[in-house]
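Coordinates in review
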Amino acid sequence: NAGVTQTPKFRVLKTGQSMTLLCAQDMNHEYMYWYRQDPGMGLRLIHYSVGEGTTAKGEVPDGYNVSRLKKQNFLLGLESAAPSQTSVYFCASRTQGGDSYEQYFGPGTRLTVT
Amino acid sequence: RKEVEQDPGPFNVPEGATVAFNCTYSNSASQSFFWYRQDCRKEPKLLMSVYSSGNEDGRFTAQLNRASQYISLLIRDSKLSDSATYLCVVTVLGGGSYIPTFGRGTSLIVHP
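Definitions and cut-offs
- In every chain, residue numbers begin from 1 and rise along the written sequence.
- Here chains are named by letter from A upward and ligands by number from 1 upward, in the order in which they appear as written.
- Residues qualify for local features only when their pLDDT is at least 70, as the model is predicted, and side-chain atom pairs are given and counted only at 80 or more; totals for whole chains, interfaces and linings, by contrast, use all residues.
- Note: side-chain values were computed over all heavy atoms of the structure, leaving out hydrogens and water.
- A run of H or I in DSSP counts as a helix once it spans at least four residues, and a run of E counts as a strand once it spans at least two, with each numbered from the N terminus.
- Radius of gyration: C-alpha atoms only; globule rule: 2.2 Å multiplied by the number of residues to the exponent 0.38.
- Only protein chains enter the calculation, and the probe is 1.4 Å; a residue is then buried if its accessible area is under 20% of its type maximum, exposed if over 50%, and partly exposed in between.
- For this analysis, residues touch if any pair of their heavy atoms sits within 4.5 Å.
- Method for areas: the Shrake-Rupley scheme with a 1.4 Å probe, in which residue coverage is limited to the protein chains shown.
- Asp and Glu are treated as the negative residues and Lys and Arg as the positive ones, with His and the ends of the chain left uncounted.
- In plain terms, the charge of a residue is placed at NZ if it is Lys, CZ if Arg, CG if Asp and CD if Glu.
- Definition of nonpolar core: a set of buried residues of the types Ala, Val, Leu, Ile, Met, Phe, Trp, Tyr and Cys, connected through side-chain atoms within 4.5 Å.
- Here a strand pair is declared whenever DSSP counts at least two bridges between the two strands.
- Accessible area that two parts lose when put together, evaluated with a 1.4 Å probe and summed over both, is termed the buried area.
- The salt bridge criterion pairs a side-chain nitrogen of Lys or Arg with a carboxyl oxygen of Asp or Glu, the two atoms within 4 Å.
- Basically, the charged four are Asp, Glu, Lys and Arg, the nonpolar ten are Ala, Val, Leu, Ile, Met, Phe, Trp, Tyr, Cys and Pro, and anything else, Gly included, counts as polar.
- Identification of polar contacts relies on pairs of N or O atoms within 3.5 Å, with a donor-acceptor requirement for protein atoms, meaning one able to donate a hydrogen and the other able to accept it, and with residues adjacent in sequence counted only if both atoms are side-chain atoms.
- The angle between two axes is taken between their N-to-C directions and runs from 0 to 180 degrees, where each axis is a line fitted to C-alpha atoms and a helix contributes only its stretch in contact.

1. Remarks on the overall build of chain B
In terms of helices and strands, chain B carries zero helices and 11 strands. The order of helices and strands in chain B, counted from the N terminus, is β-β-β-β-β-β-β-β-β-β-β. Since a compact globule built from 112 residues should have a radius of gyration of about 13 Å, the 14 Å found for chain B is in line with a globular shape. The burial tally for chain B puts 45% of its 112 residues in the buried class. Put simply, of all contacts in chain B between residues at least 6 apart along the chain, 57% involve residues at least 24 apart.

What follows is the structure, encoded as structure tokens:
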């Protein structure tokens, strides 16, 4: 099991460029999440999905779009990158049921927008 | 006011010390509570869930106080390898599912 993987690991964009971050999980999890982490800010939820074909906004959704066309993949898109989107992006997934609600995180994508 | 608050620290303690962190949350309808550990430039990993009755895992003890709306983490006999950032996570029902909210984290540095 690879767990949760993220592509790419690093990226540098110029202001106004677009890109898509890919998150993939092989644990058959229903729930998937995209977070951003900035120094001193902790993790903030951008968007999440409770199942294939469904997405919802989190705490900081502006400037991002997401899609969950397949259960194992959750894509995060930046249509027109801004320097304020420089951050570390983490994807996470978890199973639907159970008592734990444990989230499994990918290794992160470090994005710099110049 | 942020929904989940933690003292960012850093807490600087010698090996063998006992250290405790608190985390307060504002939403009384919060459902589930967790402590995650995050090493520098790495992804967060679950340390332990927090139950109303309190729970212990080796040197780590977590407690929940619903009346005062805080959770705590106690680390006994600190090791150098305990140096990390400890994230408090609270889930709240929103939009039909439980949404996790992270605190900003508390930094722990254990020195020889």
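After that view of the structure, there is still more to cover.
2. As for the overall build of chain A
Broken down by element type, chain A carries zero helices and 11 strands. What you see in chain A, going N to C, is helices and strands ordered as β-β-β-β-β-β-β-β-β-β-β. Over its C-alpha atoms chain A spans a radius of gyration of 13 Å, differing by no more than 12% from the 13 Å that the globule rule assigns to 114 residues. For chain A, the C-alpha atoms occupy an extent of roughly 40 × 30 × 25 Å along the three principal directions. Burial status across chain A gives 49% buried among its 114 residues. At a minimum sequence separation of 6, the contacts of chain A that also span at least 24 residues come to 55%. Carbon and sulfur atoms form 51% of the exposed surface of chain A, whose accessible area is close to 5,300 Å². Charged side chains in chain A number 11 positive and 9 negative. The centres of these two groups are separated by 8 Å.

3. Things to note about the nonpolar core
The biggest cluster of nonpolar side chains holds 24 residues, and the ones touching the most others in it are Phe21, Trp35, Ile71, Leu73, Ile75, Tyr86 and Leu108 of chain B. Counting residues per element, the ones that place at least two in this core are strand E3 (19-25), strand E4 (32-38), strand E5 (45-50), strand E7 (60-65), strand E8 (70-75), strand E9 (84-94) and strand E11 (106-111) of chain B. Here this core takes five residues from E9 of chain B, the largest share from any one element. Setting aside its immediate chain neighbours within four residues, Phe21 of chain B contacts Phe11, Trp35, Ile71, Ser72, Leu73, Ile75, Tyr86, Thr106 and Leu108 of chain B. The next biggest cluster of nonpolar side chains, apart from the first, holds 19 residues, and it includes Val60, Val66, Cys91 and Val113 of chain A.

4. A look at the pairing of strand E10 (residues 97-102) of chain B
Residues and elements named next belong to chain B. Among the six residues of E10, five are classified as buried, and the element is accordingly described as predominantly covered. Across six bridges, the pairing between E9 and E10 is antiparallel. Bridge pairing links Gly94 to Ser97 in E10.

5. Some details on the interface of chain B and chain A
Between chain B and chain A, the residue contacts involve 20 residues of the former and 22 residues of the latter. Approximately 1,800 Å² of surface area, both sides summed, lies buried where chain B meets chain A, with 54% of it carried by carbon and sulfur atoms. Taken together, the links from chain B to chain A amount to zero salt bridges. Split by residue class, the side of chain B that touches chain A holds nine nonpolar, six polar and five charged.

6. Some thoughts on the side chain of Thr61 of chain B
All names here are of chain B. Turning to its location among the elements, Thr61 is positioned in strand E7. Thr61 gets classed as buried once you look at its relative accessible area, which sits at 14%. Within the structure, Thr61 has its side chain in polar contact with the side chain of Arg76 (distance 2.9 Å). If near-sequence neighbours (up to four positions away) are discounted, Thr61 is found in contact with Asn55, Glu56, Ser72, Leu73, Leu74 and Arg76.

7. Side note on the sheet that holds E3 of chain B
Residue and element names in this part refer to chain B. The five strands lie next to each other as E1-E3-E8-E7-E6, forming an open sheet whose pairing is antiparallel. Looking at the sheet topology across the chains shown, the edges are occupied by strand E1 (4-6) and strand E6 (55-57). Going across the sheet, the axis of each strand differs from the next one's by a mean of 20°, ignoring polarity. When E1 meets E3, the two strands line up antiparallel, connected through three bridges. In the sheet register, Glu5 faces E3, and the bridge partner there is Thr24.

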